[in-house]
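# A structural walkthrough
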Amino acid sequence: MRLVNFRPLFLLILGFVIAGCDEQPGVVPLKPAETSNEAFHRALDAMIARDREGLLSLVSGGVKAQQFFAALVESFEVLDAFEARFVEAYGEGAWTAFIDPSPDDQNGADFTVSFPDLDALKQENADWQANAENEGVLLLMPAVRMKFEESSEGWVIDGAGLFPGEEVLVGYTETQRMLNGFVEKYMKAIGHEGIGPEDIDYQMGKDILILMMGGEFKSDGKPVNPDRFKIDDL
């Protein structure tokens, strides 16, 4: 039984509207690109390099739009740190199994990590540019897109059009930050005595479901998936 697929945590729905930066404290000043192709490459390069300011300098729509993209970059940074510690403790093979999107699932719970191969995407779309046919939209993966727009100053990402409204945008940002904190919290379980890679995979799968749904599955009053460890006890 698969409890959760981690991919939605790193889904990008990218899009760019020039807003008055001077009117909103905390906004990274925009540095629009001269062409849609340059904007695409700068955005991908910034995400690959975990260059927060470099990415935000392309995101229009004000401080709240940029805060979502900042949380997105943070998610990559957190996962980088998690992976480095995991591999050091358990090896590359264990990490491959951890991020496997379709394991045997014999343990009853699973925590799957998946996000776009940004390097491959950059190479495969090296000559991409916005036109009437693609409407400035480039898919990173199914249901995940970047939308580039031309402003009076150049090409940007439509951060204001990222979600249906500001309330939804703020909600997604808060959720992304919460999920970043969740992954970071479980780093202390890596290499802990008596805890193996499969235990972390299992327990994170169970606990993220509880976090998102507010409860766990039970049968006759007992958890269907008993704990392997409690992260707050470590």
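These notes cover the structure that comes with them. (Residues numbered from 1 in each chain as written. Predicted model: local features only at pLDDT ≥ 70, side-chain atom pairs only at ≥ 80, totals over all residues. Heavy atoms only, no water.)

## Here we look at the overall build of the protein
Scanning the protein for helices and strands turns up seven helices and seven strands. Moving toward the C terminus, one meets the helices and strands of the protein in the order β-α-α-α-α-β-α-β-β-β-α-α-β-β. When each of the 234 residues of the protein is scored for burial, the buried share is 45%. Total accessible area on the protein stands at roughly 11,900 Å², and carbon and sulfur atoms take up 48% of it. (Helix = DSSP H or I, 4+ residues; strand = E, 2+ residues; numbered from the N terminus. Buried < 20%, exposed > 50% of the residue type's maximum accessible area, 1.4 Å probe, protein only. Areas by Shrake-Rupley, 256 points an atom, 1.4 Å probe, with all protein chains shown as cover.)

## Thoughts on the nonpolar core
Across soluble globular proteins, nonpolar side chains have a tendency to be buried as a group. Within the largest apolar cluster, 30 residues are counted, with the highest numbers of intra-cluster contacts made by F40, A43, L44, L55, F69, M146 and F148. It is helix α3 (residues 63–90) that provides the largest number of residues to this core, a total of seven residues. Beyond its immediate stretch of four places on either side in the chain, L55 contacts A43, A46, M47, F69, V73 and I157. Among the nonpolar cores identified, the runner-up in size contains 21 residues, and F82, L179, Y186 and I195 belong to it. (Core = buried A, V, L, I, M, F, W, Y, C linked by side-chain atoms within 4.5 Å. Contact = heavy atoms within 4.5 Å.)

## Here's the deal with unusual backbone geometry
For R50, which is not glycine, the phi dihedral falls at a positive 55°. Mapping R50 onto the fold places it in the loop between α1 (36–49) and α2 (52–56). With a relative accessible area of 21%, R50 lands in the partly exposed category. In this structure, D220 is a non-glycine residue whose phi angle is positive, near 55°. If you trace the backbone, D220 turns up in the loop between β6 (218–219) and β7 (222–223).

## A short note on a nonpolar patch on the surface
A cluster of nonpolar side chains, M178, L211, M212, M213, F217 and V224, forms an exposed patch at the surface whose accessible area comes to about 550 Å². Of all the elements, helix α7 (residues 197–213) adds the most residues to the nonpolar patch, at three residues. The residue M178 is located in helix α6 (residues 166–185) in this model. (Patch = residues over 30% accessible without salt bridge, like charges linked within 9 Å, V, L, I, M, F, W, Y side chains within 5 Å. Salt bridge = Lys/Arg side-chain N within 4 Å of Asp/Glu carboxyl O.)

## Observations concerning the packing of α6 against α7
One way to put it is that α6 packs onto α7 with a least axis distance of 12 Å and a crossing angle of 150°. As far as their axial angle goes, α7 and α6 are roughly antiparallel. α7 is crossed by α6, and the crossing has right-handed handedness. Contacts between α6 and α7 involve M178, L179, F182 and V183 on the former and, on the latter, M204, D207, I208, L211 and M212. (Axes fitted to C-alpha atoms, helices over the stretch in contact; angles between N-to-C directions. Parallel < 35°, antiparallel > 145°, perpendicular 65-115°, else oblique. Left-handed = near helix turned anticlockwise from the far one by under 90°.)

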